[in-house]
Amino acid sequence: MEVTEANLQLLAGYLQQTLSPDPNIRRPSEKLLESTERQQNYPVLLLNLIDKADVDMTIRVAGAIAFKNYVKRNWAAHEDSDEPDRIHESDRNTIKTLIVTLMLHSPTALQKQLSDAVSIIGRHDFPKKWPQLIDEMVEKFASGDFNVINGILQTAHSLFKRYRYEFKSQTLWEEIKFVLDRMAKPLTDLLQATMQLRTMHEGNPVALKVIYSSLVLVNKVFFSLNSQDLPEFFEDNMNIWMGAFLQQLAVDVASLHTDDDEDAGVLEHLRSQVCENICLYARKYDEEFKPFMEQFVTAVWELLVKTSLHTKYDALVSNALQFLTVIAERQHYHGIFENPEILARICEKVVIPNLDIRPSDEELFEDSPDEYIRRDIEGSDIDTRRRAACDLVKTLSVNFEQKIFGIFGQYMEILLGKYKENPAANWRSKDTAIYLVTSWASRGGTQKHGITQCSELVPLPQFCAEHIVPELERPNINELPVLKAAAIKYMMVFRSLLGPQTLAGCLPQLIRHLPAESIVVHSYAACSLEKILTMRDASQALLFGPQVLAPHSNQLVSGLFATLSMNGSAENEYVMKAIMRSFFVLQAGAMPFMAVALPRLTEILTFVSKNPSRPLFNHYLFETLALSIKIVCQADASAVSSFEEALFPVFQGILQQDITEFMPYVFQMLSTLLEVRETSGPIPEPYWALFPCLLAPPLWDRTGNVTPLIRLLSIFIKQGSAQIQAMNKLNGILGIFQKMIASKANDHEGFYLLQNLLCYYNSAELQPSMRQIFGLLFQRLSLSKTIKYLNGIIVFFCFYAVKIGVSPLVQLIDEIQPGMFGMLLERVLVPEVSKVGKELERKMVAVGITKMLTECPEILSGQYASYWPQLLQALINMVEHPPEKLPYVDPEAAGAGGDATAGVVDAEPGYQAAFSQLTFAQPKQVDHLAEVNDARQYLASALANLSQRSPLANLLSPLAAESKEALQKYCDQAGVRIA
């Protein structure tokens, strides 16, 4: 693909079509661009198009987004597998040569996308493969052009912000040192020069806005570079930086004030970032920060007192309150807060004003309920005033409990007294009181259980009975909705401390609020019900089981489904999750509702599949469907055909229209339906019509499809191997195995597929391919050995030894290269077997190695006899010691092959890039050695039998003393003796 004017126009045309609202125009263009992106010069063509000033800006922006996504998809894809690099080396070099300069002279809309692309490339290539990047960036500081400087600072911020959260490692230290050696001094010089420029341009608002924007970015980069540890250069220059921060907190530039009450201006962003920076130093480097602490406490206090309640100041106030919270946590700063007068002023001037609900909050409550909920109960409200004020109250009440109790107690009486005088007019006072109690009483908790520790001075059940329950019992569920929401939230937050009796009494009231007109109120009611139904007692039984819920079930289920019909809640994730939880608790008790529920759920699925926009709602919708299948088919397995009849048309539509968000869910649902069918005859024809499509390569290019597709394919192999053989599809399946085994991310899926082929496929047809399969396994072992791959290959070879036999295994490996089985024993099996972690896999390995020790002439007395004692020693070490903790994420942690009920009740969807395991559609765990109860006793019995044929004294003599003792213990337990 050459960079020509014709190709540029063609590319612009396709990008234009990707912006079309009509999916029939948009999707073909998206697919065409995706199919051509691996051609040489494609990214260079994109960059040239982005740089053309005569092209429409919307197309250039679309090109910049396409380029960023291209980089995200392809830049590091080859690092994960043995596949060839998707980007030509010449294109990589051209991109790195052009992109910084292009970004710096591009308009802002393009600059942001290109800056993100630089940071993605930098994440993988910087500094080792792109060492010149930092020098190229620092050089531009001297340009004097603040548009260029800000572009560089924005890129530096994008590139370095990962230092804020990455785990410490030698590689990370080396990279940060590389950056600091080149960036710390120029950044400090830039700070000083920019601070001086403020005074030189005092009368120029346009210049001042650019200069102060630079200071914001300088501060962001400072935060990133200081996040891991205190760099020596910044410690030596603390006076410069802290002096600048004090000036920035105090500065007030009238020309930069904005009339907008909602969106923060550059001054608010600057002060907010300063508060974040000093908060970092107070938290992590308080010894070095101590000399500046009092000045900053004064500056922040003065800032808080004079800052108004407008929304644009929210992030600033939140970060300022966080700073005071960090100071109040430190033992050696307690002297500042010991004075009751100071505590009273903090309460009066800072806490209460920021706990009060504001007109802008009420507006958000009514007009943007989703955003209100996100900020209020989802834990993402760290930048809200209320959350920050609550954190300050919590810290003060922990460290100065008696004094705070007296002060807040007085405020509580005043606030509740005002409410009693005139509830309709003064409901805001009670709302503040509820927030005050919540933050003041809380001492610790978890998302799963809510608050689990509280102050002994605050009688939570009494407050609930006197002030919360009356709000829930009001006849009109639509009266004072903000207060209703606060009362329901109180129940939700303190559910673990209020006691079963109180919660049971409130269940009907919460159900009664499901039809409330306010989206926040009925969402909170659904959320509270779901969380209460999740609770368990000391014996891990459900606190509110089917017997407790049954009397309310009709009103509960009908109320939840009715809520989904209300305006604004058609895709309410809290309601759908509550439906799922209600079905789970009721189990068979949910059967009477299925006749109405299933058509409704199918109708909802049909609707949302047209435009999937709420990932959590969609996840819980599929969970509910999977759970419904489980409940109904447990009672009557033949009912699976009713589900297929209802769901197949929707699933076919999703697959035909390529609704990528839903495809992993559909594959999981199809697997669940087939697993239910396992005992009821052959796979029906509609599934077989789908089967060839499952082998199509484009499906396997999407990472989210891989795990559910492997499972579905394995079920086809298990239940219909004869049909697959008749369709001549084995080569297609082996092609998928080859793709999986080459990938570091998916090699475990390749082993899982291969095990299913060995177990269930016609061995006569499979056997001719085994040598090639083993060749691929050894090729990957020699090219890119990882701990996860070693784990997989050990388990597989032991699986082969158990299912096919040890001698065939030895012969097959030695056919590839004479003596190779010895190398496998010496370099893989003996040294690495202890790393196998999962219980069933350890059992498979133990039995497999036992068979190698007792059933294989080549190991017993042949060319590999010298390895016999080592192999036995390795096996005893494995069974005697717990598995080593592996430094990789367990590929089946989301549930594949795991206990299908273990995480059910508290299951949150484990969102990854594109795949979420459905808790209620988890694969069945198969124990291929169910007949072996104890691997130790199996080993003892096998050795005892072998010793009857030939004495083992010489073979056992090299064993370590503790291993001989362990072996004797196994024999005693098995009731056998080794001759």
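Every value quoted in this text rests on a predicted model; they were computed, and no experiment measured them. (Residues numbered from 1 in each chain as written. Predicted model: local features only at pLDDT ≥ 70, side-chain atom pairs only at ≥ 80, totals over all residues. Heavy atoms only, no water.)

## Comments concerning the overall build of the protein chain
Item 1. If you tally the helices and strands in the protein chain, you get 49 helices and two strands.
Item 2. Taken over C-alpha atoms, the radius of gyration comes to 33 Å for the protein chain, in line with the 30 Å a tight globule of 979 residues would show.
Item 3. For the protein chain, the C-alpha atoms occupy an extent of roughly 95 × 70 × 65 Å along the three principal directions.
Item 4. Per-residue burial for the protein chain yields a buried fraction of 55% across its 979 residues.
Item 5. Counting contacts in the protein chain only where the partners sit at least 6 residues apart, residues at least 24 apart contribute 74% of the total.
Item 6. Looking at the protein chain, you have 88 positive and 112 negative side-chain charges, and the mean spots of the two groups are 2 Å apart. (Helix = DSSP H or I, 4+ residues; strand = E, 2+ residues; numbered from the N terminus. Rg over C-alpha atoms; globule rule 2.2 N^0.38 Å. Buried < 20%, exposed > 50% of the residue type's maximum accessible area, 1.4 Å probe, protein only. Contact = heavy atoms within 4.5 Å. Lys, Arg positive; Asp, Glu negative; His and termini not counted. Charge placed at Lys NZ, Arg CZ, Asp CG, Glu CD.)

## A look at unusual backbone geometry
Item 1. The omega torsion of the bond from Phe126 to Pro127 falls at 0°, within 30 degrees of zero and hence cis.
Item 2. Inspection of the secondary structure puts Pro127 in the loop between helix H6 (108-125) and helix H7 (132-140).
Item 3. With phi around 80°, Asn41 is a residue other than glycine that occupies positive phi space.
Item 4. Along the chain, Asn41 falls in the loop between helix H2 (23-36) and helix H3 (42-51).

## Concerning the pattern of salt bridges
Item 1. Counted by the stated rule, this structure contains 42 salt bridges.
Item 2. Among the salt bridges present, the one from Glu166 reaches Arg162, with a minimum N-O distance of 2.9 Å.
Item 3. For Arg428, the salt bridge identified is with Glu362, shortest N-O distance 2.8 Å. Residue Arg428 is found in helix H22 (residues 423-441), and its partner Glu362 is found in helix H18 (residues 359-367); the two are separated by 66 residues along the sequence.
Item 4. Residue Arg428 is classed as partly exposed on the basis of its relative accessible area, which comes to 35%.
Item 5. Through salt bridges that share partners, Asp314, Arg358, Asp361 and Arg385 make up one connected network. (Salt bridge = Lys/Arg side-chain N within 4 Å of Asp/Glu carboxyl O.)

## Some words on the nonpolar core
Item 1. Of all hydrophobic cores here, the largest spans 345 residues; its most connected members are Phe160, Phe774 and Leu777.
Item 2. Not counting chain neighbours up to four residues away, the residues in contact with Phe160 comprise Phe126, Ile134, Val179, Met183, Val221, Ser224 and Leu225. (Core = buried A, V, L, I, M, F, W, Y, C linked by side-chain atoms within 4.5 Å.)

## Side note on helix H40 (residues 763-783)
Item 1. A rise of 1.5 Å per residue sets the reference length of H40, with its 21 residues, at 30 Å; its end C-alpha atoms lie 29 Å apart and thus fit the reference within 8%.
Item 2. Listed as buried for H40 are Leu766, Ser769, Met770, Ile773, Phe774, Leu776, Leu777, Phe778, Arg780 and Leu781.
Item 3. Of the surrounding secondary structure, the elements contacted by the buried residues of H40 are helix H38 (730-741), helix H39 (747-760), helix H41 (787-803), helix H42 (806-816) and helix H43 (820-832).
Item 4. The N-terminus of H40 is capped by Asn762, whose side-chain oxygen sits 2.8 Å from the backbone nitrogen of Ala764. (Expected span 1.5 Å × (residues − 1). Polar contact = N/O pair within 3.5 Å; in protein donor to acceptor, adjacent residues only side chain to side chain.)

## So, the packing of helix H46 (residues 868-880) against helix H47 (residues 935-949)
Item 1. Between H46 and H47, the shortest axis-to-axis distance is 11 Å and the interhelical angle comes to 155°. By the angle class used here, H46 and H47 are roughly antiparallel. The two elements H46 and H47 cross, and the hand of that crossing is left-handed. Seen from H46, the contacting residues are Trp868, Leu872, Leu875, Ile876, Val879 and Glu880; seen from H47, they are Arg936, Leu939, Leu943 and Leu946.
Item 2. Among the residues forming the contact of H46 with H47, the class breakdown is eight nonpolar, no polar and two charged. (Axes fitted to C-alpha atoms, helices over the stretch in contact; angles between N-to-C directions. Parallel < 35°, antiparallel > 145°, perpendicular 65-115°, else oblique. Left-handed = near helix turned anticlockwise from the far one by under 90°. Nonpolar A, V, L, I, M, F, W, Y, C, P; charged D, E, K, R; others polar.)

## Examining a positive patch on the surface
Item 1. A surface patch of like charges, here positive, comprises Lys72, Arg123, Lys161 and Arg164.
Item 2. Tracing the chain through its elements places Lys72 in helix H4 (residues 57-74).
Item 3. Taking the relative accessible area as the measure of exposure, Lys72 reaches 54% and is therefore exposed. (Patch = residues over 30% accessible without salt bridge, like charges linked within 9 Å, V, L, I, M, F, W, Y side chains within 5 Å. Areas by Shrake-Rupley, 256 points an atom, 1.4 Å probe, with all protein chains shown as cover.)

## Topic: a negative patch on the surface
Item 1. A grouping of Asp259, Asp260, Asp261, Glu262, Asp263, Glu363, Glu366 and Asp367 is seen on the molecular surface, where their side chains present a negatively charged patch.
Item 2. When you line up the elements, Asp260 lands in the loop between helix H12 (238-250) and helix H13 (266-284).
Item 3. The partly exposed category is assigned to Asp260, whose relative accessible area is 33%.

## A closer look at the environment of Gln870
Item 1. The topology assignment puts Gln870 in helix H46.
Item 2. As for Gln870 and Leu321, which are separated by 549 residues in sequence, their C-alpha atoms are 63 Å apart.

## Considering the packing of H40 against H41
Item 1. Contact pair H40 / H41: the axes reach a minimum separation of 11 Å and the direction vectors enclose 155°. The angle between the axes of H40 and H41 places the two elements in the roughly antiparallel class. As for how H40 packs across H41, the hand of that crossing is left-handed. Residue-level inspection shows Gln767, Met770, Phe774, Leu776, Leu777, Phe778, Arg780 and Leu781 of H40 in contact with H41, the latter providing Tyr789, Leu790, Ile793, Phe796, Phe797 and Tyr800.
Item 2. Among the residues making up the contact of H40 with H41, the classes are represented as twelve nonpolar, one polar and one charged.

## Comments concerning the environment of Leu674
Item 1. Mapped onto the elements, Leu674 comes out in helix H34 (residues 663-677).
Item 2. A relative accessible area of 0% places Leu674 in the buried class.
Item 3. The spacing of Leu674 and Val640 is 34 residues in sequence and 9.0 Å in space, taken between C-alpha atoms.
Item 4. Each residue touching Leu674, except ones within four places of it in the same chain, is listed here: Ile683, Tyr687, Leu712, Ile715, Phe716 and Gln719.

## Quick word on the packing of aromatic side chains
Item 1. With the rule as written, the count across this model stands at 33 aromatic pairs.
Item 2. Ring plane angle 75° and centroid distance 5.0 Å describe the contact between Phe648 and Tyr687, whose orientation is recorded as edge-to-face. Separated by 39 residues along the polypeptide, Phe648 in helix H33 (residues 640-656) and Tyr687 in helix H35 (residues 685-694) bring together distant segments of the chain. Both residues of the pair, Phe648 and Tyr687, belong to the buried class.
Item 3. Three or more aromatic residues link up through ring pairs in this structure, and these residues are Phe222, Phe233, Phe234, Trp241, Phe245, Tyr281 and Tyr285.
Item 4. Just above the ring of Phe178 sits the side chain of Arg182; from NZ or CZ to the centre is 3.8 Å.
Item 5. Positioned above the aromatic ring of Tyr789, the side-chain terminus of Arg780 is 4.4 Å from the ring centre. (Phe/Tyr/Trp six-rings, centres within 6.5 Å; stacked < 30°, edge-to-face > 60°. Lys NZ or Arg CZ within 6 Å of the ring centre and 35° of its normal.)

## Considerations on the confidence of the model for the protein chain
Item 1. On average, residues of the protein chain score 90 in pLDDT, and 96% of them reach the 70 mark or higher.
Item 2. The model gives residues 888-913 a pLDDT under 50, and that stretch makes 55 contacts with residues more than four places away or in other chains. (pLDDT = per-residue confidence, 0-100.)

## Section: the side chain of Thr36
Item 1. As for its placement among the helices and strands, Thr36 is situated in helix H2.
Item 2. At a separation of 3.1 Å, a polar atom in the side chain of Thr36 contacts the main-chain carbonyl oxygen of Leu33.

## Overview of the environment of Gly589
Item 1. Position of Gly589 among the secondary structure elements: in the loop between helix H30 (573-586) and helix H31 (591-608).
Item 2. On the basis of relative accessible area, Gly589 is assigned to the partly exposed category, the value being 35%.
Item 3. Sequence spacing of Gly589 and Asn24 is 565 residues, and the spatial spacing of their C-alpha atoms is 45 Å.

## Points about helix H49 (residues 961-974)
Quick reminder: α-helices carry 3.6 residues per turn. Residues three or four places apart thus point the same way.
Item 1. An ideal rise of 1.5 Å per residue puts 20 Å on 14 residues; H49 measures up with 20 Å between its terminal C-alpha atoms.
Item 2. Listed as buried for H49 are Ser963, Ala966, Leu967, Tyr970 and Cys971. When H49 is viewed along its axis, its buried side chains cluster within an angular range of 140° and face the same direction. Along H49, the residues that are exposed and aim more than 90 degrees away from the buried face are Ala961, Glu962, Glu965 and Asp972.
Item 3. Against the buried residues of H49 lie H46, H47 and helix H48 (953-956).
Item 4. In the segment just after H49, Gly975 is the residue with positive phi, at about 70°. (Arc of directions from axis to C-beta.)

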